[in-house]
Amino acid sequence: MLQILENAYLAILRFVVLAVAGLMLVAVVWFGIDALHLMKSEPAPVRVEPKVTAQEMISLATSPAPAAASTADNEAAPQGKPGADPLTAYYRRGADAIIRFGEKASHGQISADREPLVSVLKEQSADLKDPHYEAAYVKGLAETLEQTLSSPAVLKTASPEEPFRVVDKVLDGYKERFNGQIETVEAKNAEAQQKYLGEKAESQMSLYYAAAAFGAFLLIVFLSITIKIERNLRLLENLPRPEKAAPQAKTSRPAEAQA
């Protein structure tokens, strides 16, 4: 009876071991597939050129009410000297737009020199969130100043005594919106990077789990083989043993001869 129970327990144990081994193999495949995210390349940062429209600046310079139609000043950019900073031409365009605005708003009473204004615009561009956007900032600023400061609606809001207050408002608003667009792009890049790092960490954990599951699978298979050997040994013990042959009686021929 005890032998029967032992064989039954071994059979149950073997079934459980094989079932767990199958689950471990499935886990190896599952975590292995999840670990494939490690092969995913790091997302490249998105670089979008910010664009602040003149309409935004006109609305800012005047009032929350809809602004009047703007009159664009399409003068060609002045050509700089050979070897000079290529952005200097755009700084000068912006400075010229400011000078024209000051003269118109003050009815010719106030004028300004171009080079000091160029220096002021260069100082403002130095406060960018990302220096790589300087070219886009300066080019957009020149165009925006020309269109905004030539708008009749903006001219009406300017004080003849202090016309450059409107210019300061436009410059600050332009820089604020430009930097805001850069921050939006940087936030999206940071979110994508954070998502990538999170997936990478999860994939590394899945790789560790897959390795652990594979190690457990090997141990369970080894245990199954051990149980199989034990069962075979028990079967061999239960086999009938061959009986030993009875020894043959020795006869003594001399004794028979004497008889």
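Numbers given for residues are sequential positions, taken from 1 along each chain in its written order. In view of the model being predicted, local features appear only for residues whose pLDDT reaches at least 70, and side-chain atom pairs are presented and counted only at 80 or more, with totals across whole chains, interfaces and linings using the full set of residues. To obtain the side-chain values, all non-hydrogen atoms of the structure were used and water was disregarded.

Asks: Could you clarify how one ought to interpret the packing of helix α3 (residues 88-105) against helix α4 (residues 114-125) in this entry?
Replies: For any two helices packed against each other, one specifies the crossing angle of their axes together with the interaxial distance. Interaxial distance between α3 and α4 falls to 9 Å at its minimum, and their mutual angle equals 115 degrees. In this structure, α3 crosses over α4, and the sense of that crossing is right-handed. Where α3 approaches α4, its residues Thr88, Tyr91, Arg92, Gly94, Ala95, Asp96, Ile98 and Ile99 are matched on the opposing element by Arg114, Glu115, Leu117, Val118, Leu121, Lys122 and Ser125. Tallied by class, the residues present in the contact of α3 with α4 amount to seven nonpolar, three polar and five charged. For helices, the fitted line uses only the C-alpha atoms of the stretch in contact; every axis is such a line through C-alpha atoms, and the angle between N-to-C directions lies from 0 to 180 degrees. Secondary structure is summarised from DSSP: a helix means a run of H or I of at least four residues, a strand means a run of E of at least two, and numbering begins at the N terminus for each. What makes a crossing left-handed is the near helix being turned counterclockwise from the far one by less than a right angle; a clockwise turn instead makes it right-handed. Working rule for contacts: check all heavy atoms of both residues, and any pair within 4.5 Å makes them a contact. Each residue gets one label: Ala, Val, Leu, Ile, Met, Phe, Trp, Tyr, Cys and Pro are nonpolar, Asp, Glu, Lys and Arg are charged, and the others, such as Gly, are polar.

Asks: I keep staring at the environment of Lys200 and nothing clicks. Help me out?
Replies: Summarising the element assignment, Lys200 is placed in helix α7 (residues 164-238). Using a 1.4 Å probe on the protein chains alone, a residue whose accessible area is under 20% of its type maximum counts as buried, one over 50% counts as exposed, and one in between counts as partly exposed. For Lys200, a relative accessible area of 34% puts it in the partly exposed group. Residues Lys200 and Glu42, 158 residues apart in the sequence, show an inter-C-alpha distance of 9.6 Å.

Asks: Please explain the side chain of Ser150 as it appears in this structure.
Replies: Here Ser150 shows up in the loop between α5 (134-149) and α6 (152-157). A polar side-chain atom of Ser150 sits 2.7 Å from the main-chain carbonyl oxygen of Glu146. Pairs of N or O atoms are called polar contacts if they sit within 3.5 Å, as long as, within protein, a hydrogen donor faces a hydrogen acceptor (for residues adjacent in sequence, only side-chain-to-side-chain pairs).

Asks: Just to check I follow, could you spell out the side chain of Gln124 for this structure?
Replies: Within the secondary structure layout, Gln124 lies in helix α4. Among the residues examined, Gln124 registers a relative accessible area of 12% and is labelled buried. If sequence neighbours within four positions are ignored, Gln124 has contacts with Tyr137, Leu171, Asp172 and Lys175.

Asks: I would appreciate a short explanation of the packing of aromatic side chains in the present structure.
Replies: To describe a pair of aromatic rings, you give the distance between the ring centres and the angle between the ring planes. When two rings of Phe, Tyr or Trp (its six-membered ring) have centres within 6.5 Å they constitute a pair, described as stacked for plane angles under 30 degrees, edge-to-face for angles over 60, and tilted for the intermediate range. If you walk through the whole model with that rule in mind, you get five aromatic pairs. Their ring planes at 25 degrees and their centres at 6.0 Å tell us that Tyr174 and Phe178 sit as a pair that is stacked. In this pair, Tyr174 and Phe178 both sit in helix α7, four residues apart, roughly one turn of the helix. The class of Phe178 is buried, set by a relative accessible area of 0%. Members of the aromatic cluster, each reached through a chain of ring pairs, are Tyr137, Tyr174 and Phe178.

Asks: In this structure, what is going on with the environment of Leu36? I would like to understand it.
Replies: Note that Leu36 resides in the loop between α1 (2-34) and α2 (54-61). In this structure Leu36 comes out as partly exposed when scored by relative accessible area, which is 49%. In the structure, Leu36 is positioned 171 residues away from Leu207 in sequence and 8.6 Å away in space, judged by C-alpha atoms.

Asks: Sorry if this is basic, but what is going on with the nonpolar core here?
Replies: One broad trend across soluble globular proteins is that nonpolar side chains are buried collectively. Residues Phe101, Leu145 and Phe178 are the most contacted members of the largest nonpolar core, which totals 33 residues. If you list the elements that add at least two residues to this core, you get α2, α3, α4, α5 and α7. The element contributing the most residues to this core is α7, with eight residues. Once residues lying within four places of it in the same chain are set aside, the contact partners of Leu145 are Gly94, Ala97, Ile98, Ser150, Val170 and Leu171. Counting five residues, the second largest nonpolar core, distinct from the first, contains Val17, Ala21, Phe217 and Ile220. Among buried residues, the Ala, Val, Leu, Ile, Met, Phe, Trp, Tyr and Cys ones that are joined through side-chain atoms within 4.5 Å form a nonpolar core.

Asks: How do you make sense of the pattern of salt bridges when you look at a structure like this?
Replies: One speaks of a salt bridge when a side-chain nitrogen belonging to Lys or Arg is within 4 Å of a carboxyl oxygen belonging to Asp or Glu. Per the counting criterion, the structure on display carries three salt bridges. Residue Arg93 is joined to Glu146 by a salt bridge in which the shortest nitrogen-to-oxygen separation is 2.7 Å. In this pair, Arg93 is assigned in helix α3 and Glu146 in helix α5, connecting sequence segments 53 residues apart. On the basis of relative accessible area, Glu146 is assigned to the buried category, the value being 4%.

Asks: Explanation requested: the environment of Arg93 in the structure shown.
Replies: The class of Arg93 is buried, set by a relative accessible area of 14%. Separated by 46 residues in the primary sequence, Arg93 and Lys139 have C-alpha atoms spaced 9.2 Å apart.

Asks: So what exactly am I meant to see when it comes to α4 here?
Replies: Side chains that are three or four residues apart share a direction in an α-helix, a result of its 3.6 residues per turn. Expected span of a helix, by definition, is 1.5 Å for each gap between consecutive residues, and there is one gap fewer than residues. Between its first and last C-alpha, α4 extends 17 Å over 12 residues, near the 16 Å set by a 1.5 Å rise per residue. For α4, the complete set of buried residues consists of Leu117, Val118, Leu121, Gln124 and Ser125. One side of α4 carries all its buried residues, which in axial view fall inside an arc of 120 degrees. Picture the helix axis, draw a direction to every C-beta atom, and the arc is the one those directions span.

Asks: Teacher, can you tell me more about the packing of α3 against α5 here?
Replies: Closest axis-to-axis distance for the α3/α5 pair is 8 Å, and the angle between their directions is 20 degrees. In terms of their interaxial angle, α3 and α5 are classed as roughly parallel. Relative to α5, the crossing made by α3 is left-handed. Between α3 and α5, the contacting residues are Tyr90, Tyr91, Arg93, Gly94, Ala97, Ile98, Arg100 and Phe101 on the first element and Glu134, Val138, Lys139, Ala142, Glu143, Leu145, Glu146 and Leu149 on the second. Put simply, angles under 35 degrees are roughly parallel, angles over 145 are roughly antiparallel, angles from 65 to 115 are roughly perpendicular, and the rest are oblique.

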